[in-house]
Amino acid sequence: MSTNGGESTLAVHGMEQGDTAPGDERVVAHAEYAQGIKGYAIGFVLAVGLTCVSFYMARSSLVWAPSIPIALSVLAMAQMGVHLVFFLHITTGPDNVNNVLALAFGVLIVMLLVFGSLWIMTHLNHMAMPMDQMMKMQR
Amino acid sequence: MSAVHAAAKGHAHGADLTEAGGHGHAESQRIVVAYGFWIFLISDIIMFAAFFATYAVLTDSTAGGPSGKDLFGIGNVALETAFLLTSSLTCGLAGIGAQARNQKLFYISMAITFVLGAAFLVLELREFAEMIEAGAGPSRSGFLSAFFALIGCHGFHVTAGLLWLLTMMAQVYAKGFRDDILRRMLCFSLFWHTLDIIWVALFSLVYLVGVAQ
């Protein structure tokens, strides 16, 4: 019963269920978890690699200095993608549509919040009177 | 209940929906719970984005005080990152251990995750203490207020995660690998991995960009 039951759960999991829970990796049968560990190991190696490049980039003089913040942002986004795919198991598969859509909405709001704030506030700083002049006017 | 299934599935496969309640109840509940928790995590990320936007706006508002370049120690951040990244790996292994009902893998991975998370927290608190001692506390400038709020918020999440981790170990010890415990474990590992994703943004865009400028 025990092995049989495990297999039938796996079948339900794999074939008939239309959706995957975020983070779910479908390790049900005992022999399956080598595969799961392999996924985490690949993700870990990729993440460590990207982290090392980021730390190197921040202090290297090989890169044109003004481009460093953008390069770091790109590396951070790449690493977040690695985390999402290998650790959170958010993939582009058809059973993952709901999870991806929720994430896409979240990313939209995050972008609006961060870039909107930066955009408005830099303009505000440009338009604003310098602080010393402001002080003079208040006297 | 079938309405919940229908809402969770979201697909237009009519035949699928009528069958969903019939079999695999545990699996579909697992999807509903994890999806709900995923929505929570995304709103948590949005909250972090608000803190981050505040920080980004206030980076240069140092009020004549120290800037990120003067304060941030790259070695400390590298160590923190190493701890948190490795704890994400061991948390994944603990999840696999729980799924496979392998007690040894579960307990050992969870214990390592706890130690790494606690080490991360110690380093962060030490950094905070050093900064405050050097007169660069949250009340020094707008930049430092935003910095302490943003990093402190992440540290608070890690603290909550550590408490949750201990709770999960205790629950598995007391109740075994029951379906509901496994669902909680899935939510916990989602939470922990999400904290690591947020840390990626923080170490890259707060610390490394701060040092590079």
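Student: I'm lost on the interface of chain A and chain B in this one. Help?
Tutor: When the parts of a complex come together, some accessible area is lost, and that lost area is often used as the size of the interface. Counting residues at the interface gives 48 residues for chain A and 48 residues for chain B. At the level of elements, helix H1 (2–16), helix H2 (33–59), helix H3 (68–87) and helix H4 (97–127) of chain A are the ones that each hand at least two residues to the side of chain A that touches chain B. Tallied by class, the residues present in the side of chain A that touches chain B amount to 29 nonpolar, 15 polar and four charged.

Student: When you look at the nonpolar core in this model, what are you seeing that I'm missing?
Tutor: Most often, soluble globular proteins have nonpolar side chains that are buried together. Membership of the largest hydrophobic core comes to 83 residues, with the highest contact counts inside it found for Ala34, Phe52, Tyr55, Leu190 and Phe203 of chain B. Secondary structure elements with two or more residues in this core: H2, H3 and H4 of chain A together with helix H3 (25–58), helix H5 (74–99), helix H6 (103–133), helix H7 (142–175) and helix H8 (179–212) of chain B. At 19 residues, the largest contribution of residues to this core is made by H8 of chain B. The contacts of Tyr55 of chain B, once residues within four sequence positions are left out, are Ala146, Phe147, Leu150 and Val206 of chain B.

Student: What's the story with the domain arrangement of chain A in this structure? I'm lost.
Tutor: Residue and element names in this part refer to chain A. Each assigned domain of chain A is listed with its residue range as follows: domain 1 (1–91) and domain 2 (95–139). Contact with domain 1, which involves six residues of that partner, is made by six residues of domain 2. Class assignment for the residues of the side of domain 1 that touches domain 2 results in two nonpolar, three polar and one charged.

Student: Would you mind showing me how to read the packing of H2 of chain A against H5 of chain B here?
Tutor: Remark: H2 of chain A packs on H5 of chain B, axes separated minimally by 10 Å, with the N-to-C direction vectors making an angle of 170°. Of the possible angle classes, the one that applies to H2 of chain A and H5 of chain B is roughly antiparallel. Along the contact surface, H2 of chain A presents Tyr33, Gly36, Ile37, Tyr40, Phe44, Ala47, Val48, Thr51, Phe55 and Arg59 of chain A, while H5 of chain B presents Ile74, Ala78, Thr81, Leu85, Leu89, Gly92, Leu93 and Ile96 of chain B.

Conventions and cut-offs
- Residues numbered from 1 in each chain as written.
- Chains lettered and ligands numbered in written order.
- Predicted model: local features only at pLDDT ≥ 70, side-chain atom pairs only at ≥ 80, totals over all residues.
- Contact = placed C-beta atoms within 7 Å.
- Helix = DSSP H or I, 4+ residues; strand = E, 2+ residues; numbered from the N terminus.
- Nonpolar A, V, L, I, M, F, W, Y, C, P; charged D, E, K, R; others polar.
- Core = buried A, V, L, I, M, F, W, Y, C linked by C-beta atoms within 7 Å.
- Buried ≥ 20, exposed ≤ 12 C-beta atoms within 10 Å, placed from the backbone.
- Domains from an automatic or database assignment.
- Axes fitted to C-alpha atoms, helices over the stretch in contact; angles between N-to-C directions.
- Parallel < 35°, antiparallel > 145°, perpendicular 65-115°, else oblique.

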